[in-house]
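Here are the chains, one letter per residue:
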Amino acid sequence: MKTSRFPSIVKGGTALAIVIGLAVGFFGCGGPAPATSEVAPDRPLFSGNNGYELSYREFLSRLLVTNRAANGGIVPIDELQWVADSIVVDSLLWLSAATVDIRNHPPQWRDYDRIYGGYLVEQMWERAVRDTISWDTADVRAYWEENQDQFRIEDQVEILHLLLGPRQVALGPDSVAFRGWTREAVTAFTYDMSYYLYRLLQLGFPFPALAQGYSHDVSSRDRGGYLGWSRRGQYVDPFDSIAFALGSGDVSEPFFTAQGWHIIQVLNRIDEQVVPLDTPSVFTAAQNSIVDQRQTEAITAITDSLRSAMRVAVRPVYWDTNLLWVHDTSLVAVVNDRDSIWGMQVKSIEELIRLQSQVANTDSAQKAELFAVAGERLALIQHARDLGIDTLAEVRVAEDVIRRGRIKSVLSLATFDRAYRPTEEEMQAYYEARIDSFRNPQPLNLTELTTGDSALAVFMADQAATGRSLTELLEEFSELDQSLQVTELGWVGRDDLDQLRYGAALGIRVGQVSQPVRIESGRWALIAKNATRLDANYESVRGDISRTLRTTHYRDTFFATRDSLYVRFGIRQQETLSDPIELPPTWEREGPVAGP
C-alpha cells in the first residue's frame, strides 16, 4: 500500500479532518504486540479542535513505513511516543501553513512562484492545446508517407560467434601440451581446430554447444556465442562484410583476424526497409508525431501573439543597476499593467545571461532580453488565468498543496532548528560540567605473574627485562615452582588493585614488567603493562560534544514546538502508549521505507 504524499483536507463547516485511512496493523495490551495485516483499532489516539484526529490504525500505518526496528524487533514505548508526536506535529504544521503569508519568506516564495507558475502554464497547454488537437487515419498515413526516413530501419543481422585464438590456446588449460611449439605451429593447430568445428556444424552439431565448449570470446561464450542484433558498421571488416553476406541460418567458413579464427552463424536478418504503417508501433509513433507537431505549432502561435502584445514597464533605475544586488521583494517592472516582476524573478535570469555571455554585468540590450523573458512568463500565466485555468478545482487543490508545502518546509526547519550549531563556549562549559564522565576510571591494562619464591621472582624479573613475556616465564620455570600463576587483570584503576601493585604498574612503560611486589597473600607478583587509556581531553571529545548538544537542542526545540501546537489546536492524547510493538523487518512491511 502507498500513502499520499500530502494529507487530504476535508472541510465541512468548521470541521477539519486529516484523512489517510490505511488499515495495516493491530496492537493491544500485555507485552509487545506484533504489527500484522489485521485491522487495527480505529479508536482515537490523539484528537483536537476542529475535528483533528489520529487513530491507532493510522498511527500503526505510519509506524510501519519508518526505519524503526529496520531488521525487525521491538520498538520501545519512548520511540513509539516520538513517532506519534512526530506524526501529529507534521499534520499540525500542514494546517498551520494555511495561515502563513508566503511572501514573508522570499526563498520559499521564489520556489512557489516558479513551481505554481509552471504548473499553471502546463495545465493551460494541456487543456487549451493538447486536448483540442484532433487527427484521423488519413493524417497519419500522410505523415508516414512524407517522413519515410523516420520509419526506415537499417540492415540488421542476429549473430552467433565462435572464436579460436592462438594465444588463448597456448595459455589455456592444455598449455603444457603446446610447450615448445612455435607461434606458427600453434596458429596452424588453431586453423585445423576451427575447420574441425566447422565440419561439426555442417553435420548438424548445435552452434551454442560448440561455442560454450570451445570459444575464446568471453563476452559471448557463456551465452552460447550469442552476440545479438548488429547493424552495418558495428564490427570491423572482414567480420562485418561476412556477417551481412550470409543468409538466415547460414554458417561462415572460418576466417582470420588479429584475434584468431572466427566462425559466425546468422540466425535472422532484416534488410533495410521502411516499416509498414500497419505495424502498431509505427502507427502510434506517426500519430504522436502529428500531435506533437500540431501542439508545438499551436503553442508557438499563442506565445508569439502574447509576446507581440506584451507591455513591460521597467522602473528606470533598474536599467543601470546591478540586478544581483536588487532585493528579492523589490518591484522591478510591471507586465501588461497587471502583474509585477520582482527582484527575485530577475536574479536567476541575470545569472544565466552573465554565465552564457561571460560578462561581469549585463548591458542595456541584455537587460531588455532579460525583462522580455521574465515578462513572457508572466504573460503566459496571465493568459492561463484569462482562460480560467486557475479557477479549476483540480488546479486550486494543487496550488494549495504547492503553497503549503513551501511554507511547511520553513515551519519544519524551525521545529528542529537544524541551523543550530553550539558555540565553543557552550561546548567548553558542557565538558567542564561533566569532567568526571570524561575521565577514565580504569586506565591500565595489566597481566600479573605470582610466585611464592622471592629469589625466583627477582630472577624472573631480570629475565623479563630482556623482553621475555610472563607466559614464557611461566612455561620455563613452572617446574621450579608449581604454584606459578599468570592472571590477566585486564583494565584496572586505583580502586581495583592495592597501592603497591598499582604503583608498580604506574612506574613502568607499556610492554615492560615491574620488579617483584609483595602482595597481601605473602606471594610475590610481577606486573606487565599491556596498554593504557588516557583521560579524554576536550579536543578529543569536541566532536562528540557538538553532536550531543545539537541532538539535545533539536529535541528540545521539537518539544517546544509540539507543546505550542498542542495548545493552539487543543490536542489531547486520548490513550497512553503503554506497550511496546514488535515490527517485522522493513522488507516484509507494506509501503515505502522512510523516516517519520
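Structure: see above.
Residues numbered from 1 in each chain as written. Predicted model: local features only at pLDDT ≥ 70, side-chain atom pairs only at ≥ 80, totals over all residues. Heavy atoms only, no water.

**Observations concerning the overall build of the protein chain**
Okay, step 1: Along the protein chain, the regular secondary structure elements total 17 helices and 21 strands.
Okay, step 2: Along the three orthogonal principal directions, the C-alpha set of the protein chain runs to about 115 × 90 × 65 Å.
Okay, step 3: Within the protein chain, the proportion of its 596 residues that are buried is 41%.
Okay, step 4: Summarising the internal contacts of the protein chain: among those between residues at least 6 apart in sequence, 70% fall at separations of at least 24.
Okay, step 5: Of the accessible surface of the protein chain, which amounts to about 32,700 Å², a share of 51% is contributed by carbon and sulfur atoms.
Okay, step 6: Placing the 58 positive and 80 negative side-chain charges of the protein chain at their respective mean positions leaves the two points 5 Å apart. (Helix = DSSP H or I, 4+ residues; strand = E, 2+ residues; numbered from the N terminus. Buried < 20%, exposed > 50% of the residue type's maximum accessible area, 1.4 Å probe, protein only. Contact = heavy atoms within 4.5 Å. Areas by Shrake-Rupley, 256 points an atom, 1.4 Å probe, with all protein chains shown as cover. Lys, Arg positive; Asp, Glu negative; His and termini not counted. Charge placed at Lys NZ, Arg CZ, Asp CG, Glu CD.)

**Observations regarding the sheet that holds strand β5 (residues 53-55)**
Okay, step 1: Ordered in space as β5-β4-β20, the 3 strands form an open sheet in which the pairing is antiparallel. Among the strands making up the open sheet, the edge pair consists of β5 and β20 (572-573).
Okay, step 2: Packing against the sheet, helix α1 (residues 56-64) makes contact with β4 (44-47) and β5, and its axis sits at approximately 70 degrees to β5.
Okay, step 3: Set on the sheet, helix α2 (residues 77-96) makes contact with β4, β5 and β20; between it and β4 the angle comes to about 45 degrees. (Pairing = 2+ DSSP bridges. Axes fitted to C-alpha atoms, helices over the stretch in contact; angles between N-to-C directions.)

**Let's talk about the side chain of threonine 451**
Okay, step 1: Looking at the secondary structure, you find threonine 451 in strand β16 (residues 444-451).
Okay, step 2: At 2.4 Å, the side chain of threonine 451 forms a polar contact with the side chain of aspartate 481. (Polar contact = N/O pair within 3.5 Å; in protein donor to acceptor, adjacent residues only side chain to side chain.)

**Examining the pattern of salt bridges**
Okay, step 1: Summed over all chains, the structure comprises 34 salt bridges.
Okay, step 2: With its nearest N and O atoms 3.8 Å apart, the salt bridge here joins aspartate 111 to arginine 406. Here arginine 406 lies in helix α12 (residues 393-416) and aspartate 111 lies in helix α3 (residues 106-129), a separation of 295 residues in the sequence.
Okay, step 3: For aspartate 111, a relative accessible area of 24% gives the class partly exposed.
Okay, step 4: With its nearest N and O atoms 3.0 Å apart, the salt bridge here joins aspartate 400 to arginine 403. (Salt bridge = Lys/Arg side-chain N within 4 Å of Asp/Glu carboxyl O.)

**Observations regarding the environment of glycine 51**
Okay, step 1: One can find glycine 51 in the loop between β4 and β5.
Okay, step 2: When the C-alpha atoms of glycine 51 and phenylalanine 569 are compared, they prove to be 9.9 Å apart, with 518 residues separating the residues in sequence.

**Some points on the sheet that holds strand β15 (residues 339-342)**
Pairing between the strands of a sheet is mediated by backbone hydrogen bonds and can be parallel or antiparallel.
Okay, step 1: If you trace the 3 strands from one edge of the open sheet to the other, you get β13-β14-β15, paired in antiparallel fashion. Of all the strands in the sheet, just β13 (312-314) and β15 have a single pairing partner and so form its edges. Across this sheet, the average inter-strand angle for adjacent strands is 30 degrees, counted without regard to direction.
Okay, step 2: The sheet contact formed by β13 and strand β14 (residues 331-335) spans 3 bridges and is antiparallel. From the neighbouring strand, valine 312 faces β14, where its bridge partner is valine 335.
Okay, step 3: Strands β13, β14 and β15 of the sheet are contacted by helix α11 (residues 364-386), whose axis makes an angle of about 145 degrees with β15.

**A closer look at unusual backbone geometry**
Okay, step 1: Here the bond from aspartate 237 into proline 238 is cis, since omega is 10 degrees, no more than 30 degrees from zero.
Okay, step 2: In this fold, proline 238 is placed in the loop between β9 (226-231) and α8 (239-245).
Okay, step 3: Phi at asparagine 336 is positive, roughly 55 degrees, even though this residue is not glycine.
Okay, step 4: Structurally, asparagine 336 is set in the loop between β14 and β15.
Okay, step 5: Here the phi dihedral of aspartate 337 falls at roughly 60 degrees; this positive angle occurs in a residue that is not glycine.
Okay, step 6: With respect to the helices and strands, the residue aspartate 337 is situated in the loop between β14 and β15.

**Structural notes on the packing of α2 against α12**
Okay, step 1: Relative orientation of the contacting elements α2 and α12 amounts to 130 degrees, with a least axis distance of 8 Å. The orientation of α2 relative to α12 falls into the category oblique. The chirality of how α2 crosses α12 is right-handed. Counted together, Trp82, Val89, Asp90, Leu93, Trp94, Leu95 and Ser96 of α2 and Val401, Arg404, Gly405, Lys408, Leu411, Ser412, Thr415 and Phe416 of α12 form the full contact between these two elements. (Parallel < 35°, antiparallel > 145°, perpendicular 65-115°, else oblique. Left-handed = near helix turned anticlockwise from the far one by under 90°.)

**Details of the environment of glycine 204**
Okay, step 1: As for its placement among the helices and strands, glycine 204 is situated in the loop between α6 (183-202) and α7 (207-214).
Okay, step 2: With 237 residues separating them in the primary sequence, glycine 204 and proline 441 have C-alpha atoms 83 Å apart.

**A closer look at the packing of aromatic side chains**
Okay, step 1: Going through the model one piece at a time under the given rule, you end up with 21 aromatic pairs.
Okay, step 2: On the basis of an interplanar angle of 85 degrees and a centroid distance of 5.2 Å, the ring pair of tryptophan 319 and phenylalanine 371 is categorised as edge-to-face. Of the two residues, tryptophan 319 sits in the loop between β13 and β14 while phenylalanine 371 sits in helix α11, which places them 52 residues apart along the sequence.
Okay, step 3: Exposure remark for tryptophan 319: the relative accessible area of 31% places this residue in the partly exposed category.
Okay, step 4: Classification of phenylalanine 371 as buried rests on a relative accessible area of 2%.
Okay, step 5: Grouping aromatic residues by their ring pairs yields a cluster made of Tyr191, Tyr195, Tyr198, Phe256 and Trp261.
Okay, step 6: Here the guanidinium or amino end of arginine 555 rests over the ring plane of tryptophan 82, the centre of that ring lying 4.2 Å away. (Phe/Tyr/Trp six-rings, centres within 6.5 Å; stacked < 30°, edge-to-face > 60°. Lys NZ or Arg CZ within 6 Å of the ring centre and 35° of its normal.)

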